[in-house]
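Descriptive structure summary
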Amino acid sequence: MHLTIRQLKIFQAVADNDSFTRAAEVLHLSQPAVSMQVKQLEEKVGQSLFEQVGKRVYLTAAGQELLGYSRRIISLLDEAAQVLDEMKGKQRGRLSIAVASTANYFAPLLLATFNQRFPNIKVILDVTNREGLLKHLNRNDTDIVIMGKPPDNMDVDAHRFMDNPLDVIASGKDELAHKKNIRLGELQNRDFLIREKGSGTRIAMEKCFADKRLNLSIGMEMNTNEAIKQAVQAGLGLGIVSRHTIAMELETNRLVILDVESFPIMRHWYIVHPAGKRLSAIADAFKAFVLKEAEDLFNVNSL
Ligand code: PGA
């Protein structure tokens, strides 16, 4: 049967409207053009597809049979077009992501793995602290945000995808380095190196001490995890950082995790965007990838 998709669409329009005239209106064609296409289709299938009774046309048994197939063919074609469009979007898309500075310890590897699957995409990554991430969400100027805790006062779509334990760290030479069951109260007279205002890590750390009504003695304030780690190694004080940031230092024994009550503070990582945001095909694929695979890629609980 050498019939065309155009003929099937016209045939379907006549069947749906019970009329050649109305089908012609819907398709913005002339009525003779519609009749001609249906006639040619009937010649190709070798049977009548409609019978006319007064002004109304009715499908014949053959017409009814063909209509079922026609609907399936056209809907499959629509589906194929949609899938191909999506693939085009994913292969050439632009992905803009903003991550917490602490998340930047795993974000590059996450992006590298994703990039292997979609090599032609362009990624724009902004690394900032919690405050900066809230601004991105407010302005809706990035596809995806990865943060330690979704905001309470904004309408967002947030999914938790991985643990984010915060540990108390010390230099390997610290007097508490090998002590077991340290009470949090024992740390009250030790100086802590603390992240800048606006950092999610800092907020969690202050909350932990405040909840227990303990005093947190602040030594120096630094705006990166790297600076905190270096300062702790140099013996300038203790620190509280995400375990994601210290994998290398633990391996080389440059830093130790202290065995302190109530620690680790178990936080989590969330993938977030404004509620109702229409994600691009590539952003949607990235979100699905993170939710499905990130946890297996970065298992901090085994450190
Ligand atoms: P941050 O990490 O301390 O780098 O802002 C984000 C968070 O843990 O919420």
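Here the structure is a predicted model, which is why all the values come from computation and not from measurement.

Focus on the overall build of the protein
- Looking only at helices and strands, the protein has 10 helices and 11 strands in total.
- On C-alpha atoms alone, the protein measures out to a radius of gyration of 31 Å, which is more than a quarter above the 19 Å that the 2.2 N^0.38 rule sets for 303 residues.
- Along the first, second and third principal axes, the C-alpha atoms of the protein reach 100 × 35 × 30 Å.
- Residues classed as buried in the protein amount to 46% of the 303 residues present.
- Here the analysis covers contacts within the protein between residues at least 6 apart in sequence; of these, 74% occur between residues at least 24 apart.
- A total of about 16500 Å² of accessible surface is found on the protein, and carbon and sulfur atoms cover 49% of it.
- The distance from the centre of the 39 positive side-chain charges to the centre of the 37 negative ones in the protein is 2 Å.

Re the site of the ligand
- In the vicinity of the ligand, the contacting residues are A100, S101, T102, N129, R130, G148, R195, S199, G200, T201 and R267.
- Between the ligand and G200, the relevant distance is 2.9 Å, taken from an oxygen atom to a main-chain nitrogen or oxygen of the residue.
- Measuring from an oxygen atom of the ligand, one finds a side-chain N or O atom of T201 at 2.6 Å.
- Calculation on the ligand without its partners gives an accessible area of 280 Å², and the protein chains cover 99% of this total.
- One can see that the ligand is located within the largest cavity.
- Residue composition of the shell around the ligand, by class: one nonpolar, seven polar and three charged.

As for the packing of aromatic side chains
- Under the definition given, this model contains 10 aromatic pairs.
- Note on F106 and F298: the rings are 5.5 Å apart at their centroids and 50° apart in plane angle, and the pair reads as tilted. Taken together, the residues span a long stretch of sequence, with F106 in the loop between β3 (94-100) and α5 (107-117) and F298 in the segment after α10 (281-297) at a distance of 192 residues.
- With relative accessibility at 1%, the residue F106 sits in the buried group.
- Residue classification places F298 among the buried residues on the basis of a relative accessible area of 12%.
- An aromatic cluster of at least three residues, connected via ring pairs, comprises F106, F161, W269 and F298.
- Across the ring face of Y69, the terminal group of R72 is positioned such that the distance to the ring centre comes to 4.7 Å.

Examining the pattern of salt bridges
- Applying the stated criterion across every chain, the model contains 17 salt bridges.
- Linking R139 and D141 is a salt bridge whose minimum nitrogen-to-oxygen distance equals 3.0 Å.
- The exposure class assigned to D141 is partly exposed, which follows from its relative accessible area of 38%.
- A salt bridge links R195 to E196, with the nearest nitrogen and oxygen atoms 2.8 Å apart. As far as burial versus exposure is concerned, R195 and E196 are alike and both buried.
- One connected set of salt bridges, linked through shared partners, spans D174, E175 and R190.

Observations regarding empty space enclosed by the protein
- Following the criterion strictly, the structure yields one cavity of 30 Å³ or more and no others.
- Approximately 120 Å³ is the volume found for the largest cavity.
- Lining the largest cavity are 14 residues, and of these A100, T102, G200, T201 and R267 sit closest to its centre.
- Counting residues per element, the ones that place at least two in the lining of the largest cavity are α7 (200-211) and β11 (265-274).
- Grouping the constituent residues of the lining of the largest cavity by class yields two nonpolar, nine polar and three charged.

Some details on the layout of surface pockets
- Its boundaries defined by the atoms lining it, the largest pocket holds a volume of some 280 Å³.
- Here the lining of the largest pocket gets six residues from one element, more than from any other, and that element is α7.
- Among the residues forming the lining of the largest pocket, the class breakdown is five nonpolar, two polar and five charged.

Some points on the side chain of N129
- Mapped onto the elements of the fold, N129 is located in the loop between β4 (122-128) and α6 (130-139).
- From its side chain, N129 meets the backbone nitrogen of E131 in a polar contact 3.1 Å long.

So, the environment of A294
- Tracing the sequence through the fold places A294 in helix α10.
- In this structure, the C-alpha to C-alpha distance between A294 and M147, residues 147 residues apart in sequence, is 14 Å.
- Once residues lying within four places of it in the same chain are set aside, the contact partners of A294 are L110, F161, M162 and F289.

The rules behind these values
- Residues numbered from 1 in each chain as written.
- Predicted model: local features only at pLDDT ≥ 70, side-chain atom pairs only at ≥ 80, totals over all residues.
- Heavy atoms only, no water.
- Helix = DSSP H or I, 4+ residues; strand = E, 2+ residues; numbered from the N terminus.
- Rg over C-alpha atoms; globule rule 2.2 N^0.38 Å.
- Buried < 20%, exposed > 50% of the residue type's maximum accessible area, 1.4 Å probe, protein only.
- Contact = heavy atoms within 4.5 Å.
- Areas by Shrake-Rupley, 256 points an atom, 1.4 Å probe, with all protein chains shown as cover.
- Lys, Arg positive; Asp, Glu negative; His and termini not counted.
- Charge placed at Lys NZ, Arg CZ, Asp CG, Glu CD.
- Near = heavy atom within 4 Å.
- Polar contact = N/O pair within 3.5 Å; in protein donor to acceptor, adjacent residues only side chain to side chain.
- 1 Å grid on protein atoms, 1.4 Å probe; cavity = no way out; pocket = protein on both sides within 12 Å on 5 of 7 lines; lining within 4 Å.
- Sits in = over half its atoms within 2 Å of the grid points.
- Nonpolar A, V, L, I, M, F, W, Y, C, P; charged D, E, K, R; others polar.
- Phe/Tyr/Trp six-rings, centres within 6.5 Å; stacked < 30°, edge-to-face > 60°.
- Lys NZ or Arg CZ within 6 Å of the ring centre and 35° of its normal.
- Salt bridge = Lys/Arg side-chain N within 4 Å of Asp/Glu carboxyl O.
- Points joined across faces, edges and corners; volume = space filled by probe spheres on them.

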